[in-house]
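# Understanding the architecture of this molecule
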Amino acid sequence: MTQPQQVIVTQPQTQVVTTSAVPVGNNSFIVMQAPPAPPPPHSAANWVNPRWAPEGRSYRFHEGYWN
């Protein structure tokens, strides 16, 4: 049986650290705690769409977010 290990999950404006995660495949984990609730956008928040932006000779994907 695979032993639990520490996993850090970073999302925009949120970081979750758990010590009870078990790897189940490539970049996939089962965790034994619920994720945090997403921060609700305030009434004046604006959605910034995801986009691709040139970076040198390649492109970088930027996720959408509430501003």
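Here is a short report on the structure shown in this document.

Thresholds, definitions, all that
Residues numbered from 1 in each chain as written. Predicted model: local features only at pLDDT ≥ 70, side-chain atom pairs only at ≥ 80, totals over all residues. Heavy atoms only, no water. Helix = DSSP H or I, 4+ residues; strand = E, 2+ residues; numbered from the N terminus. Buried < 20%, exposed > 50% of the residue type's maximum accessible area, 1.4 Å probe, protein only. Contact = heavy atoms within 4.5 Å. Phe/Tyr/Trp six-rings, centres within 6.5 Å; stacked < 30°, edge-to-face > 60°. Salt bridge = Lys/Arg side-chain N within 4 Å of Asp/Glu carboxyl O. Patch = residues over 30% accessible without salt bridge, like charges linked within 9 Å, V, L, I, M, F, W, Y side chains within 5 Å. Areas by Shrake-Rupley, 256 points an atom, 1.4 Å probe, with all protein chains shown as cover. Pairing = 2+ DSSP bridges.

### Here's the deal with the overall build of the protein
Tallying secondary structure elements over the protein gives 0 helices and 7 strands in all. In the protein, the succession of helices and strands from N to C terminus is β-β-β-β-β-β-β. Here the protein holds 67 residues, and 12% of them are scored as buried. Excluding contacts between residues fewer than 6 apart, the proportion of contacts in the protein whose partners are at least 24 apart in sequence is 4%.

### Focus: the packing of aromatic side chains
Across all of its chains, the model carries 2 aromatic pairs by this definition. When the centroid spacing of 5.4 Å and the interplanar angle of 65° are considered together, the rings of tryptophan 47 and tryptophan 66 count as edge-to-face. Placement of tryptophan 47 in strand 4 (residues 47–48) and of tryptophan 66 in strand 7 (residues 65–66) is noted, with a sequence separation of 19 residues between them. Relative accessible area serves as the criterion here: at 44%, tryptophan 47 is assigned to the partly exposed category. Consider the rings of tryptophan 52 and phenylalanine 61, whose centres lie 5.1 Å apart with planes at 55°: the pair is tilted. The class of tryptophan 52 is exposed, set by a relative accessible area of 60%.

### What to know about the pattern of salt bridges
Summed over the entire model, instances satisfying the criterion amount to 1 salt bridge. Residue glutamate 55 pairs with arginine 60 through a salt bridge whose shortest N-O separation is 2.6 Å. Glutamate 55 gets classed as partly exposed once you look at its relative accessible area, which sits at 39%.

### Some details on a nonpolar patch on the surface
Together, Trp52, Tyr59 and Phe61 give the surface a local cluster of nonpolar side chains, amounting to about 430 Å² of exposed area. Of note, tryptophan 52 is situated in strand 5 (residues 51–55).

### Regarding the pairing of strand 6 (residues 58–62)
Looking at chain direction, strand 5 and strand 6 are connected through 5 bridges and run antiparallel. Within strand 6, the position partnered with tryptophan 52 by the bridge is phenylalanine 61. Counting the residues between successive antiparallel strands, the hairpin from strand 5 to strand 6 contains 2 residues, one of them, glycine 56, with a positive phi of roughly 65°.

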